[in-house]
Each structure stands twice: as structure tokens, then as C-alpha cells.
Amino acid sequence: MTTLSAAESAALAHAREVATRARGRVSPNPLVGAVILRDGRLIAEGWHEGPGLPHAEVVALRAAGAAARGATLVSTLEPCSHFGRTPPCSAAVIEAGLGRVVVGCLDPLERTRGQGVRLLRAAGIDVAVASGEDGRLSRELISAFITHAVRQRPHVMLKLATSLDGKVATRTGESQWISSPEARDLVHRMRADHDAVIVGIGTALADDPRLTARGIDGPVRQPARVVFDSQARLPLASAMVESAREVPVYVVVGTSASPDRIERLRGAGVEVIGMPTARPQVPEVLAALGQRGIQSVFVEGGARLAGAFLEANSVDVVQWFLAPMLIGGSQAPGAIGGQGVGKLADAPRLAQLVVARIGDDIACAGRVIELPRIEE
Ligand SMILES: NC(=O)c1ccc[n+]([C@@H]2O[C@H](COP(=O)([O-])OP(=O)(O)OC[C@H]3O[C@@H](n4cnc5c(N)ncnc54)[C@H](OP(=O)(O)O)[C@@H]3O)[C@@H](O)[C@H]2O)c1
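1. Comments concerning helix α6 (residues 143-151)
Side chains three or four residues apart in an α-helix point the same way, a direct result of the helix having 3.6 residues per turn. Here α6 has its buried residues at S143, A144, F145, I146, T147 and H148. The secondary structure elements touched by the buried residues of α6 are α5 (132-141), β6 (155-163), α11 (282-291), β11 (296-299) and β14 (361-367). Once α6 ends, the next one or two residues include Q152, with phi positive near 50°.

2. Some details on the domain arrangement of the protein
Its domain assignment divides the protein into domain 1 (6-141) and domain 2 (153-367). Put simply, the middle of domain 1 and the middle of domain 2, counted by C-alpha atoms, are 34 Å apart. Each side of the interface is counted separately: domain 1 has eight residues, and domain 2 has nine residues. Roughly 830 Å² is buried in total at the junction of domain 1 and domain 2, and carbon and sulfur atoms are behind 31% of that figure. Considering only the surface of domain 1 that becomes buried against domain 2, R23, G24 and S27 emerge as the three largest contributors, covering 53% of it. Our count for the contact surface shared by domain 1 and domain 2 stands at two salt bridges. Between R23 and D193 there is a salt bridge, with its nearest N and O atoms 2.4 Å apart. Inspection of the region where domain 1 meets domain 2 yields six residue pairs in polar contact (both at pLDDT 80 or more). Split into classes, the residues belonging to the side of domain 1 that touches domain 2 amount to two nonpolar, two polar and four charged.

3. Examining the sheet that holds strand β2 (residues 41-47)
Spatially, five strands are ordered β2-β1-β3-β4-β5 in an open sheet, and the strand pairing comes out mixed. Single-partner strands in this sheet number two, and they are β2 and β5 (126-129). Averaged over all pairs of adjacent strands, the angle between their axes in this sheet comes to 15°, without regard to strand direction. Relative to β2, strand β1 (residues 33-38) runs antiparallel, the two sharing six bridges.

4. Comments concerning a nonpolar patch on the surface
Taken together, the side chains of L164, L326, L350, L353, V355 and I362 define a hydrophobic patch exposed on the protein surface, amounting to about 550 Å² of accessible area. Among the secondary structure elements, V355 is positioned in strand β13 (residues 351-358). For V355, a relative accessible area of 53% translates into the label exposed.

5. With respect to the sheet that holds β11
What the nine strands build is an open sheet, ordered β10-β9-β8-β7-β11-β6-β12-β14-β13; its pairing is mixed. The open sheet has two edge strands with one neighbour each: β10 (271-274) and β13. The sheet shows a mean angle of 20° between the axes of neighbouring strands, taken without regard to direction. For strand β7 (residues 196-200) and β11, the ladder comprises three bridges, and the chain directions are parallel. Directly across from I198, in β11, lies its bridge partner V299. Of the strands in this sheet, β6, β7, β11, β12 (317-323), β13 and β14 touch helix α7 (residues 181-192), which is tilted by about 160° from β12.

6. Notes on the site of the ligand
Surveying the vicinity of the ligand reveals 23 residues, the closest of which are T203, D207, S230, R233 and P280. Separating a nitrogen atom of the ligand from a backbone N or O atom of A161 is a distance of 2.8 Å. Measuring from a nitrogen atom of the ligand, one finds a backbone N or O atom of P280 at 2.7 Å. Protein contact buries 84% of the 930 Å² of open area that the ligand shows by itself. Broken down by secondary-structure element, the contributors of at least two residues to the shell around the ligand are β6, α8 (201-207) and α12 (303-311). No other element matches α8, which puts five residues into the shell around the ligand.

Rules and cut-offs
Residues numbered from 1 in each chain as written. Predicted model: local features only at pLDDT ≥ 70, side-chain atom pairs only at ≥ 80, totals over all residues. Heavy atoms only, no water. Buried < 20%, exposed > 50% of the residue type's maximum accessible area, 1.4 Å probe, protein only. Helix = DSSP H or I, 4+ residues; strand = E, 2+ residues; numbered from the N terminus. Contact = heavy atoms within 4.5 Å. Domains from an automatic or database assignment. Buried area = accessible area lost by both parts, 1.4 Å probe. Salt bridge = Lys/Arg side-chain N within 4 Å of Asp/Glu carboxyl O. Polar contact = N/O pair within 3.5 Å; in protein donor to acceptor, adjacent residues only side chain to side chain. Nonpolar A, V, L, I, M, F, W, Y, C, P; charged D, E, K, R; others polar. Pairing = 2+ DSSP bridges. Axes fitted to C-alpha atoms, helices over the stretch in contact; angles between N-to-C directions. Patch = residues over 30% accessible without salt bridge, like charges linked within 9 Å, V, L, I, M, F, W, Y side chains within 5 Å. Areas by Shrake-Rupley, 256 points an atom, 1.4 Å probe, with all protein chains shown as cover. Near = heavy atom within 4 Å.

Set out below in C-alpha cells:
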């Protein structure tokens, strides 16, 4: 049987949910969850807690013990076939004597893709790979890992918070706070879920943000901070530079940045990334961050940088917070700068739209760029 039963599909949804218990801690590894079903009942579960720690399948197998024999393993990701920091999971699955394995998504890394499944099948285990919505949601769970593996750049989430009429500030420049406290708390959680947070120098100069993830329960790994700053204008006395030795700061500069300013930023613990153009170009910067192992970025604006990301077709997902407030005025700034599109047919549209109420605000998230399909 290659299709999933209703119980297996529900178990896969549960495995995705347990995987997220380690959110923000597993990079550069993917989030992975696994459950073991016996006669349609869930008897064990496990998830991967981070680099060097046991994989989800092994945690679930240990929890099941002898009851795993003849049972079904449902894992969000194909069990690995290679010795990394831990022994291969497919060997553990074979040894435990499972009868069937359901996989949410194949390994996105081309050099190992499909190998775990082939090993299991060669050992006589019935293996099903999820398709349709089961497969899409399993890929979505590891969107950062997939994007980095296949596109060699980080997955990009663009976050913006506006009034209902799309303004980020009043005509006098007042912008704090448009969104609700609940939405702002969620933004801290989202920062922690990413490898890096990005802003333009306009925002860095206007708000002097720290861009750290604060007020979160449980262990938090702080995201690196990245500033698009052609001229290396980020002040040495800014909150980001002052904390650069505790949480990494990357300042991305162009060809006309003063060598003296670059040296001073470096002296303060900032990693300066030089780009070969006067103004850093979004795709090149993303490639440079990808080379540094950054798999996911959370772009927090401002308007000019948001426009540049969209015009470069470099936004995977949009996360928009809409406050039930009307600012009005043609002088009050909107959320997305740049040229914008000339024709409605060219406007990026969000797919798989999810709308939620967060405090008084409406949170709206959707995908702009489809995730790569991972096929054998
Ligand atoms: N409500 C919200 O969600 C929200 C979020 C963030 C910010 N804001 C507000 O937005 C305002 C700042 O927005 P902003 O549009 O003036 O500035 P911004 O988008 O933060 O920064 C724009 C600057 O980044 C630099 N840059 C470098 N490479 C770039 C590229 N490829 N494309 C575009 N820019 C590049 C440019 O300066 P150089 O030429 O010097 O490099 C550019 O002027 C602040 O008032 C802030 O409070 C609101």
C-alpha cells in the first residue's frame, strides 16, 4: 500500500506537531518528528532536539521498545542512511523490525535523497512516501532546510505590520506601536525561529532596534542580525553593534563604503560582508548568507528593503499584521517601497493563505514562492 490510511495521515500531522517542540533550536538540522502506530493506535513519539542529539525516529523507537516489532513508523522526514554525528536511522528501523514506514518528505539533500527509503525497501519493509497535502505540509515544516539545500539560499519570510489602510507610520513619523502587544510577542517568537533577522539601514537608524528574541518561555537561540547598509553607516553606538560580541551582526556593504568605517565596525565585533556593487543586491546577499550556513531569514523592513526583496522575487512567505486602525493621509508611509508593479497581473499573490486573530490584530500569512518538490 503506497497511499496513507486516515490513521497514518493523522499520525503524520501529530509527528509534525511534536517536531515543532524543538523549533528555533535544531538548525542547521531540520525539524523532524516521528510516531509509532500499532493497530492504528499511537504507542510512542519522538522528535529531534538539535545537532548531535538523537534523531526523531530513534527517540520514538527507544520509547516503543519491543512493541515496535511489526508496527508502523510515521516520520516527517525520510530516515537517514548515512553516518553523521549519529548512526543511520534506517539501520535502527530495520533492526527494530518495523513492518511499515510512512515518510512525510524525502531527504532534500540530493546526495542522500531516496537512499533511506531504498535501504528500508531492500530489507523488506513496506514504505509509503506522502503526497498531496500530507506531503506539502511535511515539506512546509522544513521549508528552511529544503530551500537552503535546493536553492543554496535562506528561506525568506517578510514580516510587516500596518494599520488597516496599509500605513507603517503617521505623517509625522510616529509608528510605535501600531500592532498589538500579542502580535509583538509573536514577532519575538518568529525571530527565535529564524537563523537571522534582516533590516535596512533606514530602520536601523530610525529605531535603533536590538532585533533579539525576548520574553520567550524555554531555551532560545538568538538569531544573527543582518543590516543592508551600502555605506557602512550603522553607528558604533547602536544597540546592535554594542551587542555584536554576544549575538552576531552582519553588515552588508557596497563598493563605496569607507574602509575606515568598515575597520571600526570589524573592531567592534561586526562581520562586514562586502558586495561587488555600489548597493548590495538582494539575491547576492542571500547567496552570501546561505554560504555562511544561514538557512532562514526574517525580514523586518523597512519599506524600501521590503520593496527590494519583492522586486528581486526573493520573498518565500509574507507574514502581515493588520491593526484595526486607520491612519490615512497621502504623506503617511506605506509598507512596501520601490517601484511596485505596473500591472495587476504582475502583482505577487499569496497562496495557502492563513488568517488568524492575534490580540486585536489580524495576522495574515501566505506563500509567494512555491517550495521545491522533493522527488526521487
Ligand atoms: N511597521 C513596520 O512593520 C516597520 C518595520 C520596519 C521599519 N519600519 C519603519 O520604516 C522606516 C524605515 O524604512 P525605510 O524604507 O526608510 O528604510 P529601510 O528599508 O529600513 O532601509 C532602506 C535603506 O537600506 C539600504 N539598502 C541597502 N541595500 C539596499 C537594497 N538592495 N534595497 C533597498 N535598500 C537597500 C539603503 O540605504 P543605503 O543606500 O545607505 O544603503 C536604503 O535607503 C522606519 O521609520 C521604521 O520605523 C516599520
